[in-house]
Amino acid sequence: MDVDTRLLRYFAAVAEEGTLTGAARKLFVSQPALSKQVRHLEDDLGVRLFVRSRAGMTLTEAGRELASRVPALLDDWDEAVRAAGRAARVLRLGFLDAGAVEAVPEIVAEFRHTRPEWRVELRQFDWSEPSAGLARGEVDAAVVRLPFPGQERFGVVELFVEERGVLLPARHPLANSETVEFRELWEEPFAAAGPETGPWREHWLAVDERDGHPVRVGAVTRRPDEWLGAVAGGCVALAPASVARFYTHPGVVFRPVHGVSPSRVGLARPRGRTHVAALDDFLEDVARRLGRG
């Protein structure tokens, strides 16, 4: 029987958290989607793995047996994937937005020149995956914006900070302001990431900097085109200053904001993984050249 390792990761997260809500937050997926995938695994195996109740998800005897074996199985699989990557000499670097990795293509070009036997793959992820592929084991390291869900599971080196501003509809009354006070935006509908992204969503809504004022969410977006479209349609959104260089829309303007903390950019990699000299050299160069770290 073939079972998708993704289903096993979902099962392991629910078994560990004890609730779909907690596991969905950890995995950066929606709760209905997670529930569907767990049932899919149960159907594939032909056994019930959980007893579902209002209190949460309790493992059945079959579920406990599987839960005792899955972590080691997934660890072995992840190491096999990493070993294959090392044998193929491929380094995978995840990222979310161009502003965070502006200097990386130049670093990659130099790395390829000095180590022609290695290939570096830059993989961009949308905002429903704030760890830029690390949580899914799809990359060796990632340039990320902090904080992100599950950050404590990874080794993170902060690289630099970048001021946050606001994206406004071009017709907005504040669009011609030189600078916007954050308090002026509290009643505005915000474009937000999905709730499963937890601290990532809260940071970009500046939840802790509203003096308890509730957030109005006008749209949930996962990609830059959706994000800009939502703002052009009447929402506002906090954004790093580099957005003005990399993302444009005729119906959207960027303005500096007073009253919010900056965005912190970090370089993250899994803890405890086998170190490869080429990967270490590359990441040290990324940290040094971005810099600021």
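You'll find the structure just up there.
Note that the structure is a prediction, hence the values are computed from the model and not measured. (Residues numbered from 1 in each chain as written. Predicted model: local features only at pLDDT ≥ 70, side-chain atom pairs only at ≥ 80, totals over all residues. Heavy atoms only, no water.)

*Asks:* I'm lost on the overall build of the chain in this one. Help?
*Replies:* What the chain contains, in helices and strands, is nine helices and 13 strands. For the chain, the C-alpha radius of gyration of 21 Å lies close to 19 Å, the compact-globule estimate for 293 residues. Across its three principal axes, the chain shows a C-alpha extent of roughly 60 × 55 × 30 Å. Classification of the 293 residues of the chain by burial places 49% in the buried group. Put simply, of all contacts in the chain between residues at least 6 apart along the chain, 72% involve residues at least 24 apart. On the chain, roughly 14300 Å² of surface is accessible, and the fraction owed to carbon and sulfur atoms is 51%. Taking the average location of the 39 positive side-chain charges in the chain and that of its 43 negative ones, the two points are 2 Å from each other. (Helix = DSSP H or I, 4+ residues; strand = E, 2+ residues; numbered from the N terminus. Rg over C-alpha atoms; globule rule 2.2 N^0.38 Å. Buried < 20%, exposed > 50% of the residue type's maximum accessible area, 1.4 Å probe, protein only. Contact = heavy atoms within 4.5 Å. Areas by Shrake-Rupley, 256 points an atom, 1.4 Å probe, with all protein chains shown as cover. Lys, Arg positive; Asp, Glu negative; His and termini not counted. Charge placed at Lys NZ, Arg CZ, Asp CG, Glu CD.)

*Asks:* What should I look at first to understand unusual backbone geometry in this one?
*Replies:* Glycine aside, negative phi is the norm for most residues, and most peptide bonds take the trans geometry. The omega torsion across Leu146 and Pro147 is -5°, close enough to zero to call that bond cis. Even without a glycine there, the phi angle at Ala132 is positive, about 55°. At Ala206, a position not held by glycine, the phi torsion is positive, near 50°. For Ala206, the location among the structural elements is in the loop between helix 6 (199-204) and strand 10 (216-220).

*Asks:* How should the pattern of salt bridges be read in this particular structure?
*Replies:* Any two side chains of opposite charge can pair, on the condition that their charged atoms come close. Scanning all chains against the criterion turns up 22 salt bridges. Across the salt bridge formed by Arg48 and Asp43, the nearest N and O atoms sit 3.4 Å from each other. Its relative accessible area of 55% is what places Asp43 among the exposed residues. With its nearest N and O atoms 2.6 Å apart, the salt bridge here joins Arg115 to Asp281. (Salt bridge = Lys/Arg side-chain N within 4 Å of Asp/Glu carboxyl O.)

*Asks:* What is the right way to read the nonpolar core from this model?
*Replies:* One broad rule of soluble globular proteins: the nonpolar side chains tend to lie buried together. Membership of the largest hydrophobic core comes to 47 residues, with the highest contact counts inside it found for Val166, Leu167, Leu168, Phe182, Leu185, Trp227 and Leu238. Elements with a minimum of two residues in this core: strand 5 (141-146), strand 7 (164-169), strand 9 (189-192), helix 6, helix 7 (224-232), strand 11 (237-240) and strand 12 (252-258). Residue contributions to this core peak at five residues, all from helix 7. Excluding anything up to four places from it in sequence, Leu167 contacts Trp227, Leu228, Val231, Cys235, Val236, Ala237, Ala239, Val243, Val252, Val253 and Phe254. Leu91, Leu93, Ala141 and Val286 belong to the second-largest nonpolar core, a separate cluster that totals 25 residues. (Core = buried A, V, L, I, M, F, W, Y, C linked by side-chain atoms within 4.5 Å.)

*Asks:* Please explain the packing of aromatic side chains as it appears in this structure.
*Replies:* Ring pairs (aromatic) are described by centroid distance and by the angle formed between their planes. The final tally for this structure, using the stated rule, is six aromatic pairs. Summarising the aromatic geometry, the rings of Phe11 and Phe50 are spaced 5.5 Å apart at their centres and angled 50° between planes, so their arrangement reads as tilted. One end of the pair, Phe11, is in helix 1 (residues 5-17); the other, Phe50, is in strand 1 (residues 50-53), and 39 residues separate them in sequence. By relative accessible area, Phe50 is classed as buried at 3%. The positively charged end of Arg164 is found above the aromatic ring belonging to Trp204, 5.4 Å away from the centroid. Of note, Arg210 hangs over the ring of Phe190, and the distance from its end group to the ring centre comes to 4.7 Å. (Phe/Tyr/Trp six-rings, centres within 6.5 Å; stacked < 30°, edge-to-face > 60°. Lys NZ or Arg CZ within 6 Å of the ring centre and 35° of its normal.)

*Asks:* What is the right way to look at the pairing of strand 2 (residues 56-59) in this model?
*Replies:* The side chains of a regular strand alternate between the sheet's two faces. Pairing of strand 1 with strand 2 involves four bridges; the strand directions are antiparallel. Its bridge partner being in strand 2, Phe50 is matched across the sheet by Leu59. Where strand 1 folds back on strand 2, the antiparallel hairpin that results is connected by two residues. (Pairing = 2+ DSSP bridges.)

*Asks:* I keep staring at the packing of helix 1 against helix 2 (residues 20-27) and nothing clicks. Help me out?
*Replies:* Any two packed helices are characterised by how steeply their axes cross, that is the angle between the axes, and by the distance between the axes. The interhelical angle for the contact between helix 1 and helix 2, taken along N-to-C directions, is 130°, at an axis separation of 8 Å. The pairing of helix 1 with helix 2 is recorded here as oblique in orientation. For the crossing formed where helix 1 meets helix 2, the hand is right-handed. Residue-level inspection shows Arg9, Tyr10, Ala13, Val14, Glu16 and Glu17 of helix 1 in contact with helix 2, the latter providing Leu20, Gly22, Ala23, Lys26 and Leu27. Residues that form the contact of helix 1 with helix 2 fall into these classes: six nonpolar, one polar and four charged. (Axes fitted to C-alpha atoms, helices over the stretch in contact; angles between N-to-C directions. Parallel < 35°, antiparallel > 145°, perpendicular 65-115°, else oblique. Left-handed = near helix turned anticlockwise from the far one by under 90°. Nonpolar A, V, L, I, M, F, W, Y, C, P; charged D, E, K, R; others polar.)

*Asks:* Help me out: how do you make sense of empty space enclosed by the protein in this one?
*Replies:* If you roll a probe as big as a water molecule over the atoms, it shows you where there is empty space left. Scanning the model with the defined rule gives two cavities of 30 Å³ or more in all. Roughly 270 Å³ of volume is contained in the largest cavity. Lining the largest cavity we find 20 residues, and of these Trp127, Trp200, Trp204, Trp227 and Leu238 sit closest to its centre. Of the residues that constitute the lining of the largest cavity, the class distribution is 14 nonpolar, three polar and three charged. (1 Å grid on protein atoms, 1.4 Å probe; cavity = no way out; pocket = protein on both sides within 12 Å on 5 of 7 lines; lining within 4 Å. Points joined across faces, edges and corners; volume = space filled by probe spheres on them.)

*Asks:* Got a minute to help me understand helix 9 (residues 277-290) in this structure?
*Replies:* Think of an α-helix as turning once every 3.6 residues; residues three or four places apart then point the same way. In a regular helix each residue adds 1.5 Å, so 14 residues correspond to 20 Å; helix 9 covers 20 Å between its end C-alpha atoms and thus fits that length. All buried positions along helix 9 are accounted for by Ala278, Leu279, Asp280, Phe282, Leu283, Asp285, Val286, Ala287 and Leu290. If you follow the buried residues of helix 9, they end up packed against strand 3 (90-95), helix 5 (104-114), strand 4 (119-124), strand 5, strand 6 (154-162) and strand 13 (263-270). (Expected span 1.5 Å × (residues − 1).)

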